[in-house]
Amino acid sequence: DVKVTQSSRYLVKRTGEKVFLECVQDMDHENMFWYRQDPGLGLRLIYFSYDVKMKEKGDIPEGYSVSREKKERFSLILESASTNQTSMYLCASSFLGTGGNTIYFGEGSWLTVV
Amino acid sequence: ELKVEQNPLFLSMQEGKNYTIYCNYSTTSDRLYWYRQDPGKSLESLFVLLSNGAVKQEGRLMASLDTKARLSTLHITAAVHDLSATYFCAVRKFGNEKLTFGTGTRLTIIP
């Protein structure tokens, strides 16, 4: 069964803390994505990666960084958390390239910054 | 910049009725996705539409794609309560790996 696993489902962090959100997929997918979801705004892409150590900025990368040291793992880092980063974060993965490839999502990580 | 607009944002409908959710997008795309999300849950893939005129059906849901009009529709037939969820369309720009999502349609089916 396809699996995208986000290690932390619910986190509460203080303003200024460094936050790591981890995502692991077991499908040997090249692409991995981080989105945040906010009411009324849908899902917005933060960063994505199409290969190990490769990354591209999405639509809202400010305040975030990412790390992809292994193919199966993609980490989202909030260097100094702020209250406006309170949100649900969704990791996703897919195969690279053409074809009707489905993009699979993890269960989401709910982050509250206080 | 690719923009994806979904409407309506909220939809409340009675069981047994038919309705359509619309997804418009602004630039050339090579595939369009429909996802379902239940409260507090992740996104579940419903359909991937690849070409102009593509139509896919699963149970009471049918999705279609008109690439010339840059429009996809998700049609619900004889709605049942289990279909209550938020539905998202997402578009992949031609030659790009990234998906751009619409804002979602929250569908509530009333008995």
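Please refer to the structure higher up on the page.
**Quick notes on the sheet that holds strand S1 (residues 4-7) of chain B**
Residues and elements named next belong to chain B.
Consideration 1: Pairing within the open sheet is antiparallel, and its 5 strands lie in the order S1-S3-S8-S7-S6. Single-partner strands in this sheet number two, and they are S1 and strand S6 (55-58). Adjacent strand axes in the sheet meet at a mean angle of 15° when their direction is disregarded.

**Re the interface of chain A and chain B**
Consideration 1: With 28 residues of chain A at the interface, the matching set in chain B holds 19 residues.
Consideration 2: Around 1800 Å² of area is buried between chain A and chain B when both sides are counted, 53% of it from carbon and sulfur atoms.
Consideration 3: When residues of chain A are sorted by the area they lose upon contact with chain B, Leu43, Ile103 and Phe105 of chain A head the list and together hold 25% of the total.
Consideration 4: Across the chain A-chain B interface, the total number found is 0 salt bridges.

**Quick look at the state of the cysteines**
Any covalent bond linking the sulfur atoms of two cysteines counts as a disulfide.
Consideration 1: Applying the stated criterion to the full structure yields 2 disulfides over all chains.
Consideration 2: At a sulfur-sulfur separation of 1.9 Å, the disulfide partner of Cys23 of chain A is Cys91 of chain A. Residues Cys23 of chain A and Cys91 of chain A are joined through a disulfide that is left-handed, its torsion about the S-S bond being -75°. Placement of the pair is Cys23 of chain A in strand S3 (residues 19-25) and Cys91 of chain A in strand S9 (residues 87-94), with a sequence separation of 68 residues.
Consideration 3: Across the disulfide, Cys23 of chain B is cross-linked to Cys89 of chain B (sulfur-sulfur distance 2.1 Å). As the torsion about the S-S bond is roughly 80°, the Cys23 of chain B-Cys89 of chain B disulfide counts as right-handed. Residue Cys23 of chain B is found in strand S3 (residues 19-25), and its partner Cys89 of chain B is found in strand S9 (residues 85-93); the two are separated by 66 residues along the sequence. Across the pair, exposure class does not vary: Cys23 of chain B and Cys89 of chain B are buried alike.

**A word on the sheet that holds strand S7 (residues 64-70) of chain A**
Residue and element names in this part refer to chain A.
Consideration 1: Pairing is antiparallel across the open sheet formed by 4 strands, whose spatial order is S1-S3-S8-S7. Two strands close off the open sheet at either side, each with one partner strand: strand S1 (4-6) and S7. In this sheet, adjacent strand axes meet at a mean angle of 20° when their direction is disregarded.
Consideration 2: Pairing between S7 and strand S8 (residues 73-78): 5 bridges, direction antiparallel. Paired with Tyr64 across the bridge in S8 is Leu78.

**Points about the pairing of S9 of chain B**
All names here are of chain B.
Consideration 1: Counted residue by residue, S9 has 8 buried out of 9 residues, so it is predominantly covered.
Consideration 2: Taken together, the 8 bridges between strand S4 (residues 29-37) and S9 define a ladder with antiparallel strand orientation. Residue pairing across strands places Arg36 opposite Tyr87, the latter belonging to S9.
Consideration 3: Across 3 bridges, S9 lies against strand S11 (residues 105-110) in antiparallel orientation. When the bridges of S11 are listed, Thr86 appears paired with Arg106.
Consideration 4: Of the strand pairs in this sheet, S9 and strand S10 (residues 99-101) are connected by 3 bridges, and their pairing is antiparallel. Within the sheet, the bridge partner assigned to Ala90 lies in S10 and is Phe101.
Consideration 5: The loop that links S9 with its antiparallel partner S10 comprises 5 residues; one of these, Gly95, has a positive phi angle of about 80°.

What counts, and where the lines are drawn
- Residues numbered from 1 in each chain as written.
- Chains lettered and ligands numbered in written order.
- Predicted model: local features only at pLDDT ≥ 70, side-chain atom pairs only at ≥ 80, totals over all residues.
- Heavy atoms only, no water.
- Pairing = 2+ DSSP bridges.
- Helix = DSSP H or I, 4+ residues; strand = E, 2+ residues; numbered from the N terminus.
- Axes fitted to C-alpha atoms, helices over the stretch in contact; angles between N-to-C directions.
- Contact = heavy atoms within 4.5 Å.
- Buried area = accessible area lost by both parts, 1.4 Å probe.
- Salt bridge = Lys/Arg side-chain N within 4 Å of Asp/Glu carboxyl O.
- Disulfide = S-S within 2.5 Å.
- Buried < 20%, exposed > 50% of the residue type's maximum accessible area, 1.4 Å probe, protein only.

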